[in-house]
Amino acid sequence: MTMSKTQPLPLLRHHLTSENERRRHDVIRQQPIKILQIGEGNFLRGFADWMIHEMNASGKYHGSVVLTPPTPRGAAKLEKLAEQEGLYTLVQQGLQNGEKVEKRQLISVFRDYVNPYADWEAFLQLAELESLDIVISNTTEAGLTYTELDYVPGEPIVNYPARLTVFLHRRFQTFGNDPKRGLMILPCELVENNGDVLKSYVLRYARGFGFGEDFCQWVEQHQLFLNNLVDRIVTGMPQADEYARLTGNWGYEDHFLTSAEPYYIWVIEGDSSLDQRLPLVQTGLNVKWTQDLQPYRQRKVHILNGAHTLMMPLGVLHNRTTVRELMEDEQLGSWVKQTIAEEVIPSLSLPADELQRYAEETYERFYNPYLEHRLMDIAMNSLSKFQARVLPVLKTYTDKNGHLPQQIVRGFSALLLLYRVQPIEQEGTVLFRSFTLEGQPLDIRDNAEWLQQLAQHWSEGNSQHETDGVVDYSKAVQRILSDTRIWQEDLTAIPGLVEMVASNLNDMEAGRL
């Protein structure tokens with residue numbers, strides 16, 4: 001039904017849902033708590049929580065989630081979600097096999113909500129639950145860190161690895177070193193070897209807090225810290241006009257409406273027998289248990305993320321605004337696909353046909369008509385992104401083929417041209433300004449020290465001489481590529497790179513792609 005704009009919509013509640021949805025929600029509220037979730041944000045709601053919902057709906061899993069916030073700021077969200085009785089709507093929007101998809105689901109997985117910063121003991125008592133089996137977290141990369149701190153019993157801890165250490169210690173105190181009370185721990189933070197990293201921090205805190213070697217051995221032997229890779233674009237709450245359209249059709253407000261693309265994959269480094277414990281594959285979800293996560297990580301980092309990093313400079317220099325707009329440009333879109341097919345895929349270790357299928361899925365994601373993925377958002381911290389996502393492919397391709405990958409070097413050249421910055425002081429803050437090829441100003445967001453060095457390199461290398469209308473950029477490029485403070489290595493050691501970049505800069509200044 002469509003509601004009048006002036007008539008307020010009721011907040012999503014149990015009584016507003018269909019009979020089947022009410023029945024499923026009633027069941028969830030009776031299911032044992034099997035999963036502790038640390039993180040209430042968009043991503044987990046549109047990814048892991050949706051999968052838990054699907055497992056329960058299939059009848060292959062019988063468990064609910066207790067939700068805790070990663071920081072004190074998340075406590076207000078818990079209260080609002082409780083007002084909605086733990087219900088929220090997931091809308092999957094995008095392209096599948098070239099067709100537009102818009103699918104609505106009411107998600108019900110939460111049974112309880114605990115704020116550790118207001119009730120530390122209630123949080124620790126969750127560790128005493130016999131039914132508890134899984135910990136899932138997404139505290140962002142900033143949350144998966146180690147910082148020196150003193151443990152004061154009874155006082156809540158904000159740092160996630162330290163908080164988890166105390167939580168596990170309570171479980172150890174309750175059940176002794178019973179191996180059956182070990183947990184499967186899935187940190188979804190976008191950190192390489194996230195499971196190993198979290199485990200190392202927990203053990204470091206355990207020793208620092210004086211919890212004893214018996215506890216450390218129990219953690220080592222019976223807690224499963226699983227490296228894993230998550231991949232789905234979850235945009236969360238849509239824009240106001242789209243929100244009004246959706247909720248008006250449904251007849252209720254939803255403060256946790258979550259939008260996500262149809263595509264998703266979860267790759268978990270662990271034995272496939274673990275699917276008996278967490279039946280993701282049995283449910284038919286696109287989840288892979290693997291003994292080696294690295295090839296899948298390389299695939300995502302170098303194709304999906306690498307394509308973003310490669311396309312951004314050329315797109316921005318040519319005044320394109322979004323990923324979709326760039327891909328729909330005949331020349332730029334073809335360049336992206338050619339680069340991936342001819343230079344990136346041949347440099348990776350998975351089978352070429354599998355990589356090509358992943359690339360085609362990636363392009364469909366780039367064309368998503370519901371997603372406005374701004375290139376200038378992608379642009380943030382592009383220097384470190386290039387080092388992680390693109391530079392390894394450039395070097396692998398060169399080693400395998402005996403010559404440079406021309407299209408990747410072209411993308412790199414565009415990045416350096418975009419980063420031809422000038423420091424501008426504004427209201428006591430130093431901004432680093434660049435310009436598109438048509439002269440539109442851009443503020444570049446990256447490591448300030450590196451940007452200052454680039455500004456100096458461009459300025460001091462600006463004594464290029466011009467011959468027959470051709471500028472010699474080699475001096476500036478030589479200075480930039482040899483700066484080990486930026487690249488952590490001397491890139492002039494790669495044969496022919498300085499010359500090719502300098503030539504590309506001339507082409508781009510002349511308006512040639």
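For clarity, every value in this text was computed on a predicted model and none was experimentally measured.

Trainee: Which residues make up the overall build of the protein, and what values go with them?
Mentor: Of the regular secondary structure elements, the protein holds 21 helices and 18 strands. Its C-alpha atoms give the protein a radius of gyration of 26 Å, within 12% of the compact-globule value 24 Å for 513 residues. For the protein, the C-alpha atoms occupy an extent of roughly 80 × 65 × 55 Å along the three principal directions. Here the protein, with 513 residues, has 55% of them falling under the buried criterion. The contacts of the protein with a sequence gap of at least 6 include a subset with a gap of at least 24, amounting to 74%. By element, 45% of the accessible surface of the protein is carried by carbon and sulfur atoms, the whole surface being about 22400 Å².

Trainee: Before we move on, can you summarise the packing of aromatic side chains with the specific residues and values?
Mentor: For the structure on display, the rule yields 23 aromatic pairs. Taken together, the ring pairs in this structure connect Tyr-146, Tyr-151, Phe-172, Tyr-201, Tyr-205, Phe-209, Phe-211, Phe-215 and Trp-218 into an aromatic cluster. Between the NZ or CZ atom of Arg-45 and the centre of the ring of Tyr-88, over which it lies, the distance is 5.7 Å.

Trainee: For the packing of helix H7 (residues 194-208) against helix H8 (residues 213-222), give the residues involved together with the corresponding values.
Mentor: In helix packing, the relevant descriptors are the interaxial angle and the interaxial distance, both defined with respect to the helix axes. Where H7 meets H8, the axes come as close as 10 Å, and the angle between the chain directions of the two elements is 170°. Judged by the inter-axis angle, H7 sits roughly antiparallel to H8. In this structure, H7 uses Lys-199, Val-202, Leu-203, Ala-206 and Arg-207 to contact H8, whose residues at the interface are Glu-213, Phe-215, Cys-216, Val-219 and Glu-220.

Trainee: Describe unusual backbone geometry, with residues and values.
Mentor: Of note, the phi angle at Asn-193 is positive, near 55°, even though the residue is not glycine. Exposure remark for Asn-193: the relative accessible area of 34% places this residue in the partly exposed category. One non-glycine residue, Glu-427, lies in positive phi territory at about 55°. Looking at where Glu-427 falls in the secondary structure, it is placed in the loop between strand E14 (422-426) and strand E15 (429-435).

Trainee: Pulling in residues and values, what's your account of the pattern of salt bridges?
Mentor: One pass over the structure, following the stated rule, counts 29 salt bridges. Between Glu-192 and Arg-297 there is a salt bridge, with the nearest N and O atoms lying 3.3 Å from each other. One end of the pair, Glu-192, is in the loop between strand E7 (184-187) and H7; the other, Arg-297, is in helix H10 (residues 294-317), and 105 residues separate them in sequence. Given a relative accessible area of 37%, Glu-192 falls into the partly exposed group. The exposure class of Arg-297 is partly exposed, given its relative accessible area of 23%.

Trainee: Describe in detail the pairing of strand E2 (residues 64-68), supporting the description with residues and values.
Mentor: Within E2, 5 of the 5 residues are buried, which leaves the element mostly enclosed by the surrounding structure. Burial of E2 is two-sided: the residues Ser-64, Val-66 and Thr-68 facing one way and the residues Val-65 and Leu-67 facing the other way are all buried. Pairing of strand E1 (residues 33-38) with E2, which is carried by 5 bridges, proceeds in the parallel orientation. Each residue of the ladder has a partner; that of Ile-38, found in E2, is Thr-68.

Trainee: Break down the side chain of His-25 for me, with residues and values.
Mentor: You can see His-25 is positioned in helix H1 (residues 19-28). With residues up to four places along the chain from it excluded, the contact list for His-25 reads His-14, Glu-85, Leu-87 and Ser-108.

Trainee: With reference to specific residues and values, describe the environment of Val-498.
Mentor: Relative to the elements of secondary structure, Val-498 occurs in helix H21 (residues 497-509). Residue Val-498 is classed as buried on the basis of its relative accessible area, which comes to 7%. Between the alpha carbons of Val-498 and Phe-43 there is a distance of 41 Å; along the sequence they are 455 residues apart. Dropping the residues within four chain positions of it, Val-498 is found in contact with Ser-474, Val-477, Gln-478, Leu-481 and Thr-492.

Trainee: For the nonpolar core, give the residues involved together with the corresponding values.
Mentor: In this structure, Ile-303, Met-311, Phe-412, Leu-481, Trp-487 and Leu-497 are the most contacted members of the largest nonpolar core, which totals 75 residues. Among the elements that line this core, the one with the most residues is H10, at 10 residues.

Trainee: Hey, could you go over empty space enclosed by the protein for me, with residue numbers and the actual values?
Mentor: Where empty space is left in the structure can be found by rolling a water-sized probe over the atoms. Throughout the structure, instances matching the rule amount to 3 cavities of 30 Å³ or more. Taken as a whole, the largest cavity holds about 60 Å³ of empty space. Considering the residues around the largest cavity, the lining is formed by Ile-233, His-308, Val-323, Arg-324, Arg-365, Phe-366, Asn-368, Leu-371 and His-373. Broken down by secondary-structure element, the contributors of at least two residues to the lining of the largest cavity are helix H11 (323-328) and helix H13 (352-366). For the second largest cavity, the calculated volume is near 40 Å³. Lining the second largest cavity are Glu-21, Arg-24, His-25, His-53, Leu-87, Leu-106, Ile-107 and Ser-108. Mapped onto the lining of the second largest cavity, the elements with two or more residues apiece are H1 and strand E4 (99-108). Its residues placed into classes, the lining of the second largest cavity shows 3 nonpolar, 3 polar and 2 charged.

Trainee: I'd like to hear about the packing of helix H12 (residues 330-344) against H13, residue by residue, with values.
Mentor: Two numbers describe how H12 lies on H13: the axes approach to 11 Å, and their chain directions differ by 160°. Classified by the angle between their axes, H12 and H13 sit roughly antiparallel to one another. Crossing of H12 over H13 shows right-handed handedness. Contacts from Val-336, Lys-337, Ile-340 and Ala-341 in H12 reach Gln-356, Ala-359 and Tyr-363 in H13.

Trainee: Before we move on, could you go through the sheet that holds strand E6 (residues 134-137) and cite the residues and values that matter?
Mentor: Strand order across the open sheet formed by 6 strands is E5-E2-E1-E6-E7-E8, with parallel pairing between neighbours. Edge strands, defined here as strands with exactly one partner in the open sheet, are strand E5 (110-113) and strand E8 (224-225). As paired elements, E2 and E5 share 3 bridges and run parallel to each other. Pairing of Leu-67 across the sheet is with Tyr-113, part of E5. In the packing of helix H4 (residues 75-83) onto the sheet, contacts are made with E2 and E5, and the angle to E5 comes to roughly 135°.

Rules of the game
Residues numbered from 1 in each chain as written. Predicted model: local features only at pLDDT ≥ 70, side-chain atom pairs only at ≥ 80, totals over all residues. Heavy atoms only, no water. Helix = DSSP H or I, 4+ residues; strand = E, 2+ residues; numbered from the N terminus. Rg over C-alpha atoms; globule rule 2.2 N^0.38 Å. Buried < 20%, exposed > 50% of the residue type's maximum accessible area, 1.4 Å probe, protein only. Contact = heavy atoms within 4.5 Å. Areas by Shrake-Rupley, 256 points an atom, 1.4 Å probe, with all protein chains shown as cover. Phe/Tyr/Trp six-rings, centres within 6.5 Å; stacked < 30°, edge-to-face > 60°. Lys NZ or Arg CZ within 6 Å of the ring centre and 35° of its normal. Axes fitted to C-alpha atoms, helices over the stretch in contact; angles between N-to-C directions. Parallel < 35°, antiparallel > 145°, perpendicular 65-115°, else oblique. Salt bridge = Lys/Arg side-chain N within 4 Å of Asp/Glu carboxyl O. Pairing = 2+ DSSP bridges. Core = buried A, V, L, I, M, F, W, Y, C linked by side-chain atoms within 4.5 Å. 1 Å grid on protein atoms, 1.4 Å probe; cavity = no way out; pocket = protein on both sides within 12 Å on 5 of 7 lines; lining within 4 Å. Points joined across faces, edges and corners; volume = space filled by probe spheres on them. Nonpolar A, V, L, I, M, F, W, Y, C, P; charged D, E, K, R; others polar. Left-handed = near helix turned anticlockwise from the far one by under 90°.

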